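# Structural characterization, general
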Amino acid sequence: MNAPVLPAADASGDFARPTRTAVFEQRLAKRYRSERNFRLIGLAAVAFSVAVLVFLLGNMLINGIGGFQRAELTVTIDFPESGVTGDSQSLSASNSAQTLEMQGLPAVVAFYAEAQLGAAGAAELSDDGWRDVAAALANDPTLIERKANFDLPASSALAAALQGEGPPAMQQLAQRLVADGKLARNWDGGFLTRSDATNPQAVGVWGALKGTMLTMLVTLVLAFPIGVLSALYLEEYAPRNRWTDIIEVSISNLAAVPSIIFGLLGLAVFLAIFPNLRSAPLIGGMTLALMTMPVIVISGRNAIKAVPPSIRDGALAIGASPVQVVFHHVLPLAMPGMLTGTIIGMARALGETAPLLLIGMRAFVATPPDGFTSPATVLPMQIFLWSDEIDRGFVERTSAAIIVLLVFLLAMNGLAIYLRNKFEKRW
Amino acid sequence: MSPITLILIAIGLGLIGWLAGRAKAWSFKSSGPELRTSSRPVYHAWYVALWVAIPVLAFAVLWTVIAPQLIMQSVLATPAAQALPPFGFEREAFINEARAVATGQASAVFNAEAEGLVAPFRDAIGRYNLIGIVVTVLVALVCGAFAFLRLRPDFSARTKVERTVMTVLLLASLVAILTTLGIFGSLVFETVRFFSFVSPAEFLFGTKWGPDTIVAPEAIDPSRYGAVPLFWGTLFIGAIIAMIVAIPLGLMSAVYLTQYADPRVRAWIKPLLELLAGVPTVVYGYFAALTLAPIIRNAAVAVGITGASTESALAAGIVMGVMIIPFVSSMADDAMAAVPGAMRDGSLAMGATKSETIRRVLFPAALPGIVAGIMLAVSRAIGETMIVVMAASPAANLTANPLEPMSTVTVQIVKLLTGEQSTDHPATLSAFALGFVLFMVTLGLNFVALRVVKRFREAYE
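Cut-off values and rules
- Residues numbered from 1 in each chain as written.
- Chains lettered and ligands numbered in written order.
- Predicted model: local features only at pLDDT ≥ 70, side-chain atom pairs only at ≥ 80, totals over all residues.
- Heavy atoms only, no water.
- Helix = DSSP H or I, 4+ residues; strand = E, 2+ residues; numbered from the N terminus.
- Rg over C-alpha atoms; globule rule 2.2 N^0.38 Å.
- Buried < 20%, exposed > 50% of the residue type's maximum accessible area, 1.4 Å probe, protein only.
- Contact = heavy atoms within 4.5 Å.
- Areas by Shrake-Rupley, 256 points an atom, 1.4 Å probe, with all protein chains shown as cover.
- Salt bridge = Lys/Arg side-chain N within 4 Å of Asp/Glu carboxyl O.
- Buried area = accessible area lost by both parts, 1.4 Å probe.
- Phe/Tyr/Trp six-rings, centres within 6.5 Å; stacked < 30°, edge-to-face > 60°.
- Lys NZ or Arg CZ within 6 Å of the ring centre and 35° of its normal.
- Expected span 1.5 Å × (residues − 1).
- Bend = angle between axes of the 7 residues up to and from the residue.
- Axes fitted to C-alpha atoms, helices over the stretch in contact; angles between N-to-C directions.
- Left-handed = near helix turned anticlockwise from the far one by under 90°.
- Nonpolar A, V, L, I, M, F, W, Y, C, P; charged D, E, K, R; others polar.

## A look at the overall build of chain B
Counting secondary structure elements, chain B contains 16 helices and zero strands. In terms of overall size, chain B is more extended than a compact globule, its C-alpha atoms giving a radius of gyration of 32 Å where 461 residues would be expected to give roughly 23 Å. Overall, the C-alpha framework of chain B stretches about 85 × 75 × 40 Å when taken along its three principal axes. Looking at chain B residue by residue over its 461 residues, the buried ones come to 47%. Taking contacts inside chain B between residues at least 6 apart in sequence as the whole, the part at least 24 apart equals 72%. Carbon and sulfur atoms make up 68% of the accessible area of chain B, which amounts to about 21900 Å² in all.

Right, dumping it as structure tokens:
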């Protein structure tokens, strides 16, 4: 046997590894370098995306913490002296604010404010400040029998001055009031219980939150049954024919249609049928339901597909009818997957703004909606409306509202992940 | 009566029917132990319940439509109504006020003229509520009795109930078709009306956009309805700037996460990236308008570019691109996962490095899938609304400078439809025409992309 003929090694080459010439080594180093670079580019891309996310959330968080505070002026009101009267029944009645207004509560508040804060300070008390007093009285009617301290929202000019912005005169006033212990930025729990207002110190998200809940309820009640039933039909019963194809194509198209198109549909169809329900949660919910339904159908079909055929065969073999097979066996097994898809679809609907903009859910709603047909707004819309405000005080409030919205979304997505992990079966 | 009350009544009556049907079916059992019923008692129960609930619901729908008109008629027939002003806004206002007081929504009337109408309204509402309830119960009784009397041991209630269930399933799946038809129909209808004012050629190829909302519909200037600047703005923001951001970042993220990253790292990073897709668009819009746009403008001014706008296309496009990253990344992920492992292994076995394998084997093989994913991403970007409404400009502008303000189709739709203008004005109708174009373009992109994905999957199976 002849030894294999080796190529001649050049001077620098290792005789035992004859292919590793200097040129080769150079080329290899270059290839490894490009490998490393490629990998680094990939890492950089991921790092960039994560950094943007962190920056976005951090930005909202830092601004938003300020949004959960407000500038408050402390006013002491001596009710027995003021002549404002009431008993526990009249003060906790739903129209107590009107009764107190007729008794002159706004003037009483203004009087004590002027006595304690001076004319300049009282002028910077928010016009709606007396409503907070009325709300406090409704909560605790015994206050009316004694002297009590109230922290009332300051005007937005004074609030800005407290943070070192605005005209010097106002800043001096703010400093004087702070020195007197009359003005402070306090934690504002009322942000979660009040509704929209014109003064950023007096706004809250409860009105928008309630509107969101009513809208989402309508969406859920409509989209969930329709979505689940059509997923069942398409996956389990539908004959393979033209009609089924048309249904499938329209569902996959609807899932990809821009959300604003659903707003056009709501405007042209729903509002044409119910013209006086503009900006009602009912119409908003119907529009969002049409948008959410395809998502539920698609995830529902995947959940049904994951149920093994042996379950169906077993049920059929012991004499169950096709409807019994599906409703007694397939549906319960597919339910966790369907619920996960539903929650994800609902989370998407929760953050949706564009279609609701077109059907008029952008009204200024100062009182929480009290039904499915009363004018309402939703949380993302509130964010949009506040972001358009010129008053600087709204910037922090907007971020705070965004935090509330993100908390809801995170909770929903967390629930979906929990459901998926807890109930997901591997067959 | 509110619709919710009627639905509750229907459910209540249905429950009574259900219990009655089941009781009767049980009585068959007790009449003879050897007697075999055709269906289990629960199906008899459902049969009666459906026969009660469906007619009652049908009547409820009918009643909520006609009852207000009946009430109105009887109120207008009263002497108090003769005193109303004959036509117009005041008449409506008085009627609405009286109705609100009568139904308890308001505590007192504002206009004294409405006072006289309150009592007739209250009477009429009470009377028709009573009639509604009586007829509802009658309908329930008649239908329920019919179904109840049909129950026999050999009556196949199950087949009947299951047939109803199948009908309900079919109806549910038809909602999707109805929605598609509704979208298509309403868009086409309004677009055709718009084209009676402005010719399609002028709309599609005109280069000046500035609808004159205050001019009378007959006097509009059709040359102000040229949508090319909007199409360009939409493409420039959604398909160019956003994709310049999203494609490299999305692709490389997918490559790093699927080919290089440690599985434990991936388990953490992937949900984080998906979080980026879950952030509501209004939050992105807020971020683009209040944080990024001023930064970009100041940077542009600092390097000496004058005329940079805070409503620049760049801010909206970049933020939109960031929003799309997870979408591109997951589409690329799917496409590369569909490439057979043997191709990758073969390349690695020949001594290619990982990056060479990815660039020379995986990418070309997955290209159709990646392209389809990018098409879907573009279709999502051009339909995106809130980011551009908040960060881009309402003024249409035909330019290639990303620092100048630019408008998009969706911005104009929102702008034209959120005012208080009449629904018949061409400016309002033009929003529907824009919506129609948007709908057709996204539909086309999705259709082609889904075809490509399907064919691409088949090629490797």
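## A closer look at the overall build of chain A
Within chain A, the regular secondary structure consists of 17 helices and three strands. Each of the three principal axes of chain A carries a C-alpha extent, and together these read 120 × 80 × 40 Å. Relative to its full complement of 427 residues, chain A shows a buried share of 49%. For chain A, long-range pairs separated by at least 24 residues make up 76% of all intrachain contacts whose partners lie at least 6 apart in sequence. Within the structure as shown, chain A displays about 20200 Å² of accessible surface, and the carbon and sulfur contribution to it stands at 61%.

## Things to note about the pattern of salt bridges
Applying the stated criterion across every chain yields a total of 15 salt bridges over all chains. Two residues, Arg 397 of chain A and Asp 188 of chain A, come together in a salt bridge whose shortest N-O distance is 3.0 Å. Residue Arg 397 of chain A is located in helix 17 (residues 393-423), and its partner Asp 188 of chain A is located in the loop between strand 3 (183-187) and helix 9 (206-237); the two are separated by 209 residues in the primary sequence. Here Lys 270 of chain B ties to Asp 333 of chain B by a salt bridge, and the two come within 3.4 Å at their closest N and O atoms. In this pair, Lys 270 of chain B is assigned in helix 9 (residues 263-278) and Asp 333 of chain B in helix 11 (residues 313-337), connecting sequence segments 63 residues apart. Through salt bridges with shared partners, a single network forms among Arg 70, Glu 72, Asp 188, Arg 194 and Arg 397 of chain A.

## Quick word on the interface of chain B and chain A
Taken together, the 72 residues of chain B in the interface contact 71 residues of chain A. Interface area, chain B with chain A, both sides summed: about 6300 Å², of which 79% is carbon and sulfur. Sorting the residues of chain B by area buried against chain A places Leu 169, Tyr 256 and Tyr 286 of chain B first, and these three jointly supply 10% of that buried surface. Linking chain B with chain A are one salt bridge. A salt bridge links Arg 31 of chain A to Glu 356 of chain B; the shortest N-O distance between them is 2.8 Å.

## Thoughts on the packing of aromatic side chains
When we look at a pair of aromatic rings, we describe it by the centre distance and by the angle of the planes. A full pass over the atoms with the stated rule returns 21 aromatic pairs over all chains. Between Trp 386 of chain A and Phe 394 of chain A the ring centres are 5.9 Å apart and the planes differ by 40°, which places this aromatic pair in the tilted class. Since its relative accessible area comes to 2%, Trp 386 of chain A is described here as buried. Clustering of aromatic rings is evident, with ring pairs tying together Phe 194, Phe 195, Phe 203, Trp 209, Tyr 225 and Phe 231 of chain B. Stacked on the ring of Phe 148 of chain B, the Lys or Arg Lys 24 of chain B has its end atom at 4.6 Å from the ring centre.

## Considering unusual backbone geometry
If you check the backbone angles, Ser 279 of chain A has positive phi at about 60° while not being a glycine. Judged by its relative accessible area of 6%, Ser 279 of chain A is buried.

## Observations concerning helix 6 (residues 157-195) of chain B
Across its 39 residues, helix 6 of chain B extends 56 Å between first and last C-alpha, which sits within 8% of the 57 Å expected from 1.5 Å per residue. Of all the bends in helix 6 of chain B, the greatest, near 25°, is centred on Val 175 of chain B.

## Comments concerning the packing of helix 10 (residues 242-256) of chain A against helix 6 of chain B
Close contact between helix 10 of chain A and helix 6 of chain B brings their axes to 9 Å; oriented N to C, the two are set at 65°. Helix 6 of chain B is crossed by helix 10 of chain A, and the crossing has left-handed handedness. Of helix 6 of chain B, the residues touching helix 10 of chain A (which contributes Trp 243, Ile 246, Ile 247, Ser 250, Ile 251 and Leu 254 of chain A) are Ser 173, Leu 174, Ala 176, Ile 177, Thr 179, Thr 180 and Ile 183 of chain B. Its residues assigned to classes, the contact of helix 10 of chain A with helix 6 of chain B comprises nine nonpolar, four polar and no charged.

## Description of the side chain of Thr 215 of chain A
On the secondary structure map, Thr 215 of chain A appears in helix 9. Accessibility expressed as a relative area gives 0% for Thr 215 of chain A, which makes it buried.

Everything listed is a geometric property; what it means functionally is a separate question.
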